[in-house]
Amino acid sequence: MSITTGRMTRRDVVTTLGAGLVAGVSAHFLTDGAGSLLRLLAPQRPAFLDYIDEKPSAPALNNVSPSAKEADKAAESFAPRLLGANDTFWLVTRPYMAAVAACEGTLLIGKPNKIDPYHTAFGYRELTSLADHPRQLYPFWDSVNHRWDATTAAGAFQILESTWDDAHQQHHYWAPGDAFSPENQEICFCYLHNSTGGSAELMDGVQVLNQHITVSFDAFAKAMKRDGQEWASLPYSEIGKPTGQSTRSMWQAWTWFQWALWAKCGYRRAITHPVGVNVPRTDTLRWRPKKGRMHWGEDYATPMNTPILAPENGRISFIGEDDGAGHIVCFVPEGYPELEMVSFHCTGKFPHPPGTLVKRGEMIGYTGNSGIGTGPHWHVEIRIDGHPMEPRWYLGMATWFKDKEG
Ligand SMILES: [Zn+2]
């Protein structure tokens, strides 16, 4: 969301897109019944949109709730298949859209009171009509100037009335039906995401590894920074500062993006919980105010010498020791070199040396109390491309999916 304080404070000048680009964004939505138009426009389509070949559907954004039933459904509907170059745009952009919507607060990933992001105005007010941008002012407290202000932010991407009208002026083609429909909100998103340069940054980081898509953290962070010129909730965004709008942490955005990327690409799979699904979690990935630093993992209340099992087939990537973390063992799943599971505070006894290939369920270490800690527990971090995401989204796959391996 951006803020309206008198005049619009969103970037005043929206980068002007070439007509061909604008046509490209929307021509994709016109493939049904407008084939000739599409062909006419095709030669003008710039590289940015060469990849758009899949008609997006609104429910896809909703497929990011981790309830077992929905996760199963998502895994089925996004089953892995051979990837072509044309797939990568939407396979990466749609999860990114989900991450932006989650930052904006319209997509409550993992929360039971799920709302329809496309029907949400600022402050979780439900839109009853998508005939047009609601053009309503919704109040919020300006914590810098200590007064009430108002915003017109609405829809999955909390688009301001002024932004919406701007985009409409720039575009000639929109999805048929309601003006503020999910499809049109997505067209508007693509338009803005491209105009900030965010899309180019994001697509720069795409890697296809053995029919497996991943995106570098660096590219993701750069894209988020660019899009922070448009959405005030994104990590490090400055545009909401004048009114005290809070921003999300990069690790939150990174977590949401990964989760949605896995959903979109069908990377959800049954794994073995390393210490058992019934062990209670005693701390989360969060800022620890008393200690004045981040806690980059989750803690699980395991007794001393609880075996740590390989969640899937993979490799022991590192064994070492650190004053704070104690004895450390790291694990990388086969086929997912970007993912690493890091265990702290282990006992000094490890069944295998670093580099060993292990099968799912094989022991890789024991929980302990080494390093700085208050008692025996399993501290686990999940890092993607070296940057932490919330471990529960990975560990949850131990219960959310049917185990096809028996
Ligand atoms: Zn911990």
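Provided above is the structure to which this section pertains.
Treat the numbers as computed from the prediction; the structure is a model and nothing was measured.

Enquirer: Looking at this structure, I do not really get the packing of helix α5 (residues 88-104) against helix α9 (residues 217-227). What am I missing?
Expert: The packing of two helices is summarised by the inter-axis angle and the distance between the axes. Running from amino to carboxyl end, α5 crosses α9 at an angle of 55°, the nearest separation of the two axes being 12 Å. Relative to α9, the element α5 lies oblique. Once α5 is placed against α9, the crossing between them reads as right-handed. Contact with α5, carried on its side by Tyr-96, Ala-99 and Val-100, involves Phe-220, Ala-223, Met-224 and Asp-227 of α9 and no other residues of that element. Here the residues of the contact of α5 with α9 sort into six nonpolar, no polar and one charged.

Enquirer: Just checking my understanding: could you explain the layout of surface pockets for this structure?
Expert: Empty space within the largest pocket amounts to approximately 430 Å³. Taken together, 20 residues make up the lining of the largest pocket; nearest its centre are Arg-288, Arg-293, His-295, His-345 and Ile-372. If one sorts the elements of the lining of the largest pocket by residue count, strand β11 (residues 293-295) sits on top with three residues. When its residues are assigned to classes, the lining of the largest pocket shows five nonpolar, nine polar and six charged.

Enquirer: How do you make sense of the side chain of Ser-216 when you look at a structure like this?
Expert: Structurally, Ser-216 can be placed in the loop between β8 (213-215) and α9. Residue classification places Ser-216 among the buried positions, given a relative accessible area of 15%. In contact with Ser-216, other than residues within four places in its own chain, are Gly-205, Gln-207, Trp-254 and Asp-385.

Enquirer: Mind showing me how you'd approach the pairing of strand β5 (residues 138-142) here?
Expert: Consecutive side chains of a regular strand alternate in pointing toward one face of the sheet and then the other. Strand direction decides the pairing type here: β5 and strand β6 (residues 147-151), joined by five bridges, are antiparallel. Each bridged residue has a counterpart across the sheet, and for Trp-141 the counterpart in β6 is Trp-148. As consecutive antiparallel partners, β5 and β6 are separated by four residues, and within that stretch His-146 has a phi angle of approximately 50°, a positive value.

Enquirer: What should I look at first to understand unusual backbone geometry in this one?
Expert: Outside of glycine, negative phi angles account for most residues, and trans bonds account for most peptide bonds. Of note in the backbone geometry, His-146 takes a positive phi value of approximately 50° without being a glycine. Of note, His-146 is situated in the loop between β5 and β6. Among the residues examined, His-146 registers a relative accessible area of 55% and is labelled exposed. Despite not being glycine, His-345 has its phi angle at roughly 60°, a positive value. Counting through the fold element by element, His-345 comes out in strand β16 (residues 339-346).

Thresholds applied
- Residues numbered from 1 in each chain as written.
- Predicted model: local features only at pLDDT ≥ 70, side-chain atom pairs only at ≥ 80, totals over all residues.
- Heavy atoms only, no water.
- Axes fitted to C-alpha atoms, helices over the stretch in contact; angles between N-to-C directions.
- Helix = DSSP H or I, 4+ residues; strand = E, 2+ residues; numbered from the N terminus.
- Parallel < 35°, antiparallel > 145°, perpendicular 65-115°, else oblique.
- Left-handed = near helix turned anticlockwise from the far one by under 90°.
- Contact = heavy atoms within 4.5 Å.
- Nonpolar A, V, L, I, M, F, W, Y, C, P; charged D, E, K, R; others polar.
- 1 Å grid on protein atoms, 1.4 Å probe; cavity = no way out; pocket = protein on both sides within 12 Å on 5 of 7 lines; lining within 4 Å.
- Points joined across faces, edges and corners; volume = space filled by probe spheres on them.
- Buried < 20%, exposed > 50% of the residue type's maximum accessible area, 1.4 Å probe, protein only.
- Pairing = 2+ DSSP bridges.

Note that every value here comes from positions in space, so none of it alone points to a role or purpose.
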